Every structure is written in C-alpha cells, then in structure tokens.
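Read off the chains here:
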Amino acid sequence: MTEPTTQAGTPAPRRKDERPGRAGGASLNRLGDRKKARLEELAQASAGKGGVSLFRDALRRLRRNPAAIVGATIIALFVLVAIFAPLIAPHDPVQRFDELTSRLAADHIPGATDGFPLGSDELGRDLLSRLIYGSRQTLFVGVLATLIGLAIGVLLGAIAGAFGGWVDNILMRVTDVMLALPALLLAITLVALASKSSQWTVILAVAIVSVPVFARLLRGSMLAQRESDHVLAARALGVKEHNIVLRHMLPNAMTAVIVQATLTLSVAIIEAASLSFLGLGDPNRDRAEWGAMLGDAGVRYFEVRPELAYYPALAIIVVALGFTLLGEAMREAIDPKNRR
Amino acid sequence: MLRVIVRRLLQLVVTLIALSALIFIWLRNLPGGPVDALLGERATPETRALLTKALGYDQPIHVQYGKFMQRILTGDFGNSIRTGDPVIEVIGRAFPATVELALAAMIVAVGLGIPLGYLAARWRGRALDHLTVVGTLLGISIPIFFLGYLLKDVFTQNIHWFPPSGRVGIGLDNTNITGFFVLDSLLTREFDATADALWHLILPAVTLATIPLAVIVRMTRASVLDVLNEDYVRTAEAKGLRHRTIRGRHILRNALLPVVTTIGLQTGALLSGAVLTEKVYNWGGLGTLITDSITGSRDYPVLQALILLAALVFVVVNLLVDLSYAFIDPRVRVR
C-alpha cells in the first residue's frame, strides 16, 4: 500500500491528540510518540529528496490527461452557468409569454422568434431561459443525491471496515439486499413507496441507490488496509485504534470513494431523468430541471417539436460526459498501476 | 467448491427473505398503501376498517408475514387490484415478452461488444479505437429512453425501415405456445410471422443493448490491453506460435474472464432498461407492467411480485456467473 495521502508531502507536525498525558498516557505511549516523531522526520527527509506523494503524482498526471481537462472544463462551465443563471437567462423561466402562448396549438409549438432564440416550451415559456435555469436544479438534484448517498454509504462502509467481524457481516447483508435490485428498479420501488412523488422522493431514491456502491467500496478498501504495513506500523507504535481507523485507514480509502462520487453524479442526473420519464419525477412543472424537461414534455411532444427533447438531452449528455471523463481520469490517476 | 455453492445459496436465500420482508412491511404500512389504493382518499373510517379486516391487515405483522410467505411459496401472489386477475397469470403473460427482448439485447451487446472491444485494444490509438472509446462514452451518457425516441423517429418516421411499436404486425398475432413470438412462429412454421417478430424486435433490442454494449466493449478493451502486456504473450510470440493460436488461447481466453462478470452484472442494466425501453416501444412486457402498476392507483400485489421476481433473476444470474468463473478459471477452483 501507499503512504496516507493526507500527510504526505506536507510538513508533518506532531499530532496533538497523540500527546501523552492528554490521552491518559502511559509511558509506553510516550515512547511510541517519540518513535513516531523520529519516523516522521525520516519520512520528511526522504520526501525532501524528490519523492512525490501519490496525491501530487495523481494531480500531475491528471493535469496532463486531455480527458480530465475536457471533463473539468465541462463541469466548470456547467457550474458557472448554474451560478450566474439569472444574469445569463434572457427571461424569467416561469413566466408564460402571451406572444408564445397565443401561437401554441395541439400540433404546433413555436420555434425561434424575436427575443426567444430557442422558441417556446409546451406552456409558452422561454425554452432557452428554462434550459439555463435548469442547470441549477439539475446540479442541485445530482449533487444532493450524490452527497446523501455518499454520506450514508461512507458511514456504513466505515463502520463495516473498521469493526469487521459480525458488524461487517450484517452491514454487508444489508447492502446485499439493496444490490439485489437493479438500480432503476430500486429507485422505482422507493418512489412508489411514497404516496406521492416529489423532488425529494426523486433525490432520496437516486441517493439510496448509490449507497451500497459507496459502502462496499469503502469497506473493501479499509479491510484491505487492516493487514497492510502502515496500519501494522501505527498499531505497533501504540496509536489508538480509533485514530488508526480515522487517520490512517479512512483517508486512504476516501480517494476511491471521491472518484466514485464523480462518476455517480452523471448516473444520478440520468436516473432522475428516467424517473421523470416513467411519471415518477418531480410533479412541479414550474421547476425547470433537465431530466424533467426531457422525460416529461420532451418525449410527450416529440412528434410536435422534438427540440423540446433535443436541448435538455444534449445538456444532460454533455454534463454526464463531463463527470464521467473527469471521474475516470481521476480513477486512472490514482491507480498505483499507472504510477511511473 | 460445493461448500462455496452452499454458502452462496444460503446467502441468496437470506437476502431474498430480507427483501421480501422489507417490501411486505413497506407496502402495507405507508400512506397510500393498499387500503387507500382500493378505497380512495375519501372513504369513511368504517369502510376503511372493514376492508383492513377483510384483507387481514388487522392481524399482527408477523402473522401476516407468515401467511404471505406461505402463499408466495405456493405461487399465490393474490390478485391484481387493477384487473382482478391472479398476479401470477398477469406476470406469466408479460414474462416471455421481456425475456425475448432482454435476450435479443444481450445477443447484440455480447456479439458486437467483445469483437469491438478486442479490435479497439489491438489497434490501440488508431481511428477505430478512438471511435470506440468516444462511442462507448456517449453510450453510457445518453438517457436510453431518449435514444429510443431518436431511433424511433429516424427509422420509423423518416425512413420506414422498422415498425414503431408493439411486438407483431396486425393480422399476424399467431398461435401462442411459449409466448416467445420468434420461437412460436418457428414452431408453427409461420416464417413470415418470424420475420415480422424479428423486425419488431430490432429497434427495441438495439435501444436496450446500448448500455450493456458500451460497458462490455470498455471492459473487453481494458482487459485485452492488460493481457497484451503480459509476459506470457511475449513468450508465446517469441516461441513463434501462430498468431491465431496466441489470440485465441493466450489473449482472449484470459481477457474474457473479467468480461464474464461484467455480462452478469449487466443483467441488472437490462432489467432496469427494459422498463424504459418497453415504455418507448409499447412492448407489453414486465417493464410495461411495472409502469402500469405504479402510475395511477398503485397495484401493490403485482408490484411486490415483480420486485421479488426481478431480485430473484438478478441474484441468481450473478450467482451463476460467479460459479461459472470456477469453470473458466481453474485458479479460482483451487481456493
């Protein structure tokens, strides 16, 4: 295994909570502390001689990978549009314009006209403004779903990985049950359980689908470390068990989880769109969200005006692609196999 | 080996029982449960209580669950709330349609995926490789229901190559033996019906195959690239073995190991994707059934049976894949 990524590369100060006395220190602990300080000095000395931490090395490789640059650029643009939506959007996304509604018919939705570069949506609102504002809701749904999934998954995985034994066994059976259903079916089930679908049922459903993935990933990585040399070294030095878990095992395992979160973001956005398509999405039709725009009106009016589907679909594809590109480049970068 | 199988089977049974218990408890005790679904929101408390009693929901939960499991094990899933038919029949009618679609999609995904992945790896950095990489990235980034509408628009509206929806053309609804239309028409030697069924199958199968195809191509490519760098491949080349032998025995056989697992996991993508694809093409299989039993008033008996069925299929397929590993790779057997 590699060095813990958090400390490597930065000057490592003595850790405060390990000081003897404060931790009810026995003399053994003090001895261990001194040894550890010496070890860290040595580590620093060797790091100074041109050693590169895994993290820096990964970052360096990431910067040279065109896929990562493209992915990061897409995401940056996406976030910028979301932040500055009110400044960029020409109109209010919720307002229905008379000049557009008057031209709506069962078999006609007006295209580009003066002041409305992408034309109207199915209710006479400005499609361009809705797309621009849609980035906000899409980002919100995707990020929140991923964060909730990440938080629960990391909690379960860390507990399982830290304790092992029967705790691990029980928690992994729980993830087995979640994994027994294919992702979208699990999400459908979860939404169906709520009496009415709302934006929150969508977010929660998409979040819970990703929980077992995060939990298993973290657990696997932590269990692998239990037997590894750096944990053995820490244990031999008398570092407390909870500190080994929190400071030595968890930081190492988190890299993979963060990479997975990047990949999950793209899946989350697509899954939210799929739920909308099945009629289980956010019923609030004022709220502009790409998945809902595509899955609901986009396909319902596909034969009248396919642009209602094309634009949000394009937005979703590009953003999903951005997260996938960056996520995979990150995964490649942290893979020790690619280290030269 | 036997011990591994037994342990995995036990795990599988425990997982399914836990899942059934969860679904059982959830579906009965949440707002909008079966009583609300049957009576609507404006029912009086009296009628509500009567129905609750009639359905047996007033009994302790473990008694209810016991009865539920007893009925399930004898194949009795109750009756559909929507149509009143026994759930097992409703599902039985839709099942072959989905299996036919999923199998067709899998054939497309594996049949195209492995050769494409292999070629991309062999010609790494060439045009075909770049095309494949970009294509697979697009494949996993596109919402497949949108792709379905796109294909439908191009191939049925603009150029009339394929029929827009359904499983057979009008007037060709042939004798139903197995429910697999392609197979049925072959059995009865109505070959024009076979052609028609296949013709209807192509677009939905391609749509459903998108994600598994992309994943299988990527996996094969990565795996072949790994193997190409192995010493034993260089040794084989140095020995002067024929390229065909090296390709078949040394590269493909080793590279396909991880691909097999991927194929198993893609069953999940197929089940999920079927729900979307069937809605796009009005296919009338299990996916359509799921959508129908959720939208509007919720058809809980059908829904719960479908969820359990999906879980069973998914878990069993993955178990089979894991076990098949031992047959493909002798190293696994030793452990």
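Residues numbered from 1 in each chain as written. Chains lettered and ligands numbered in written order. Predicted model: local features only at pLDDT ≥ 70, side-chain atom pairs only at ≥ 80, totals over all residues.

Colleague: What am I meant to see in the overall build of chain A here?
Modeller: If you tally the helices and strands in chain A, you get 13 helices and zero strands. Going from N to C terminus, chain A has its helices and strands arranged as α-α-α-α-α-α-α-α-α-α-α-α-α. Here chain A holds 340 residues, and 45% of them are scored as buried. Long-range contacts, defined as pairs at least 24 residues apart, comprise 74% of the intrachain contacts of chain A with a sequence gap of at least 6. (Helix = DSSP H or I, 4+ residues; strand = E, 2+ residues; numbered from the N terminus. Buried ≥ 20, exposed ≤ 12 C-beta atoms within 10 Å, placed from the backbone. Contact = placed C-beta atoms within 7 Å.)

Colleague: I'm lost on the overall build of chain B in this one. Help?
Modeller: The number of helices and strands found in chain B is 14 helices and zero strands. Tracing chain B from N to C terminus, the helices and strands come up as α-α-α-α-α-α-α-α-α-α-α-α-α-α. Residues classed as buried in chain B amount to 35% of the 335 residues present.

Colleague: What's the story with the environment of arginine 126 of chain B in this structure? I'm lost.
Modeller: For arginine 126 of chain B, the location among the structural elements is in the loop between α5 (87–122) and α6 (127–141). Taking the C-alpha atoms as reference points, arginine 126 of chain B and asparagine 254 of chain B, 128 residues apart in sequence, are found 23 Å from one another.

Colleague: Got a minute to help me understand helix α7 (residues 165–179) of chain A in this structure?
Modeller: Since the α-helix packs 3.6 residues into each turn, any two residues three or four apart lie on the same face. Taking 1.5 Å per residue as the helical rise, α7 of chain A with its 15 residues ought to reach 21 Å, and the 21 Å between its terminal C-alpha atoms agrees with that figure. Among all positions in α7 of chain A, only Leu171, Thr175, Val177, Met178 and Leu179 of chain A are buried. (Expected span 1.5 Å × (residues − 1).)

Colleague: I would appreciate a short explanation of the packing of helix α8 (residues 183–193) of chain A against helix α11 (residues 243–281) of chain B in the present structure.
Modeller: Interaxial distance between α8 of chain A and α11 of chain B falls to 7 Å at its minimum, and their mutual angle equals 50°. Considering the angle they form, α8 of chain A stands oblique to α11 of chain B. Across the interface between the two elements, Ala183, Leu184, Leu185 and Ile188 of chain A from α8 of chain A touch Gly268, Leu271, Ser272 and Val275 of chain B from α11 of chain B. (Axes fitted to C-alpha atoms, helices over the stretch in contact; angles between N-to-C directions. Parallel < 35°, antiparallel > 145°, perpendicular 65-115°, else oblique.)

Colleague: Would you take a moment to explain helix α6 (residues 127–163) of chain A for this structure?
Modeller: All names here are of chain A. The terminal C-alpha atoms of α6 lie 53 Å apart, and with 37 residues this matches the ideal 54 Å at 1.5 Å per residue to within 8%. Tyrosine 133 marks the point of greatest bend in α6, at about 30°. Across the 37 residues of α6, 26 count as buried, placing the element largely inside the fold. (Bend = angle between axes of the 7 residues up to and from the residue.)

Colleague: When you look at the interface of chain A and chain B in this model, what are you seeing that I'm missing?
Modeller: As a measure of interface size, the accessible area lost when the parts come together is often cited. Taken together, the contact pairs 33 residues of chain A with 36 residues of chain B. Elements that contribute at least two residues to the side of chain A that touches chain B include exactly α7, α8, α11 (241–277), α12 (290–300) and α13 (307–334) of chain A.

Colleague: Would you take a moment to explain the environment of leucine 131 of chain B for this structure?
Modeller: For leucine 131 of chain B, the location among the structural elements is in helix α6. For leucine 131 of chain B, a count of 12 C-beta atoms within 10 Å puts it in the exposed group.

Colleague: I tried to follow the confidence of the model for chain A on my own but got confused; where do I start?
Modeller: Where the model shows low pLDDT, its predicted coordinates should not be examined in detail. Residues and elements named next belong to chain A. On average, residues of chain A carry a pLDDT of 81, and 84% of them reach 70 or more. For chain A, helix α1 (residues 27–48) is the element with the lowest average pLDDT, namely 63, and helix α3 (residues 66–83) is the one with the highest, namely 93. Contacts of residues 1–25 to residues separated by more than four positions or lying in other chains number 45 contacts, the stretch itself having pLDDT below 50. (pLDDT = per-residue confidence, 0-100.)

Colleague: I would appreciate a short explanation of the confidence of the model for chain B in the present structure.
Modeller: All names here are of chain B. For chain B, the average pLDDT comes to 82, and 89% of its residues sit at 70 or higher. By mean pLDDT, the top-scoring element of chain B is α6 (92), and the lowest-scoring one is helix α14 (residues 330–334) (60). The ipTM, which scores confidence in the relative placement of chains, is 0.84 for this predicted complex, and the corresponding pTM is 0.82.

Colleague: Hey, could you run me through the packing of α11 of chain A against α13 of chain A in this one?
Modeller: When two helices pack together, you describe them by how their axes are tilted relative to each other and by the distance separating the axes. All names here are of chain A. Following both chains from N to C, one finds α11 and α13 inclined at 165°, their axes separated by 9 Å at the closest point. When the interaxial angle is binned, α11 and α13 end up roughly antiparallel. Between α11 and α13 lies a crossing of left-handed hand. Contact with α11, carried on its side by Thr255, Val259, Thr262, Leu263, Leu265, Ser266, Ile269, Ile270 and Ala273, involves Ile316, Val319, Ala320, Phe323, Thr324, Leu326, Gly327, Met330, Arg331 and Ile334 of α13 and no other residues of that element. Here the residues of the contact of α11 with α13 sort into 13 nonpolar, five polar and one charged. (Left-handed = near helix turned anticlockwise from the far one by under 90°. Nonpolar A, V, L, I, M, F, W, Y, C, P; charged D, E, K, R; others polar.)

Colleague: Sorry, what's going on with unusual backbone geometry here?
Modeller: Outside of glycine, negative phi angles account for most residues, and trans bonds account for most peptide bonds. All names here are of chain B. Phi at asparagine 282 is positive, roughly 50°, even though this residue is not glycine. Take asparagine 282: it is sitting in the loop between α11 and α12 (286–294). We classify asparagine 282 as exposed; it has 12 C-beta atoms within 10 Å.

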